[in-house]
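Observations on the model geometry
Residues per chain, in single letters:
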Amino acid sequence: MGRDRLPRRRARLPRALAPLPWLAPSLLLMGGVVVYPVIEMVRTSLHDVNISGLTTESVGLRNFKWVFEEEGFGQVLRNTVVWVVLVVGITVLISLALAQLLDQRFPGRRVVRWALIVPWAASLVMTAAIWKWMLNYYYGIINGALQWVGLIDKPRDWLGDASTSFYAMVLVGVIVSLPFTTYVILAGLQGIPRELYEAARVDGAGAWRTYRAIVLPLLRPALLVAVVLNVIYVFNSFPIIWIMTQGGPGRDTDTTVTMVYKLAFRDHAIDEAAALSVLNVGALVVIVIAYVAVVGRRSREVTA
């Protein structure tokens, strides 16, 4: 039996390798753009790198220790968590309402759907620069409009004041995240059979009960995709933070992503920047693994 099985395995091997020539360009691209930089980043994080960028000696986990000892690192971690939670949470809540609205039939629905794509299609750098100009202390139209309606007596330094700079940044983060999240949830809504709404109406369920008992459970796959992808997107969102505040004032709007940039290009601590980058990638890998595990469990529950 064992001898008969071996030729069959050898016969299946060419069939398994047949797609390889077609996949080779993509695999090579992934290897050059993703795999090699990750390997080099990990290698750099374990070595001492001088100001010229030359690797001198292996230092083990010393660079990771120095990252945790950096002044204000605790605040940067808190900023990162709050930034991701606020932007993703507010985005999902607003997107649920917007998707529900866009799922209804009304005049001009197509125009509204097209208009919603604009913040997503626009460059992040351009969007952040426009909002920085709008929030400017001297000539920003936000101060002018608020003074005109009497909500403030004098201009406010929205991006220079520690009490408002972070939330101004969150506002822009939500605006640029809304289109993608809304369309993912809208796709989930349109996949719900209309017969379920009719059945709920016949059973006497109100709008809120129908939404809570039927719509939200069936939206879980779409919500899971939207939340996980938004967490990755917002976590890595460098242009918004850097263009608007550059992590200031002080460390008040710094996240781990902007801290990597400052360590590498301002402090010339390339080895520490690599160590912090490894920690960032590790956090994202944990999120992706959790996402795959949840999706796999739900798939098994559906097929069981």
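The structure this text deals with has already been given above.
Residue positions are counted from 1 within each chain, in the order its sequence is given. Totals for whole chains, interfaces and linings use all residues, but because this is a predicted model, local features are given only for residues with pLDDT of at least 70 and pairs of side-chain atoms are given and counted only at 80 or more. The side-chain values count all of the structure's non-hydrogen atoms but skip hydrogen atoms and water molecules.

Examining the packing of aromatic side chains
Pairs were defined over the aromatic rings of Phe, Tyr and Trp, the Trp ring being its six-membered one, requiring ring centres within 6.5 Å. Orientation was assigned from the angle between planes: stacked under 30 degrees, edge-to-face over 60, tilted for the rest. Under the definition given, this model contains nine aromatic pairs. On the basis of an interplanar angle of 85 degrees and a centroid distance of 6.0 Å, the ring pair of Phe-166 and Tyr-167 is categorised as edge-to-face. Residues Phe-238 and Trp-242 carry aromatic rings whose centres are separated by 5.6 Å and whose planes lie at 15 degrees to one another, so their mutual orientation is stacked. Remark: Trp-242 and Phe-238 occur in helix H11 (residues 238–244); sequence separation between them is four residues, near one turn of the helix. Remark: exposure states derive from per-residue accessible area (1.4 Å probe, protein chains only) relative to the maximum for the residue type, with buried under 20%, exposed over 50%, and partly exposed in between. By relative accessible area, which is 23% here, Phe-238 ends up partly exposed. Here the aromatic residues Phe-238, Trp-242, Tyr-261 and Phe-265 are joined through ring pairs into a cluster of three or more. Labels follow the DSSP assignment, with helices taken as runs of H or I lasting at least four residues and strands as runs of E lasting at least two, numbered in each case from the N terminus.

Some points on the nonpolar core
Residues grouped as a nonpolar core are buried Ala, Val, Leu, Ile, Met, Phe, Trp, Tyr and Cys residues, joined through side-chain atoms within 4.5 Å. Among the nonpolar cores identified, the biggest contains 42 residues, and Trp-83, Leu-219 and Met-244 are the most heavily contacted of them. Mapped by element, the contributors of at least two residues to this core are helix H4 (73–102), helix H6 (124–134), helix H8 (165–190), helix H10 (207–235) and H11. When residues in this core are grouped by element, the largest group, twelve residues, is from H8. Any two residues having at least one pair of non-hydrogen atoms within 4.5 Å are treated as being in contact. Not counting the four nearest positions on each side in its chain, Trp-83 is found in contact with Phe-166, Met-169, Val-170, Gly-173, Val-234, Ser-237, Ile-240, Ile-241 and Thr-255. Grouped together as the second largest cluster of nonpolar side chains are eleven residues, Val-67, Phe-73, Val-76 and Met-259 included.

Points about the side chain of Ser-165
Within the element layout of this structure, Ser-165 appears in helix H8. Among the residues examined, Ser-165 registers a relative accessible area of 0% and is labelled buried. Setting aside anything within four residues of it in sequence, one finds Ser-165 in contact with Trp-158, Leu-159, Thr-245, Gly-248, Pro-249 and Thr-253.

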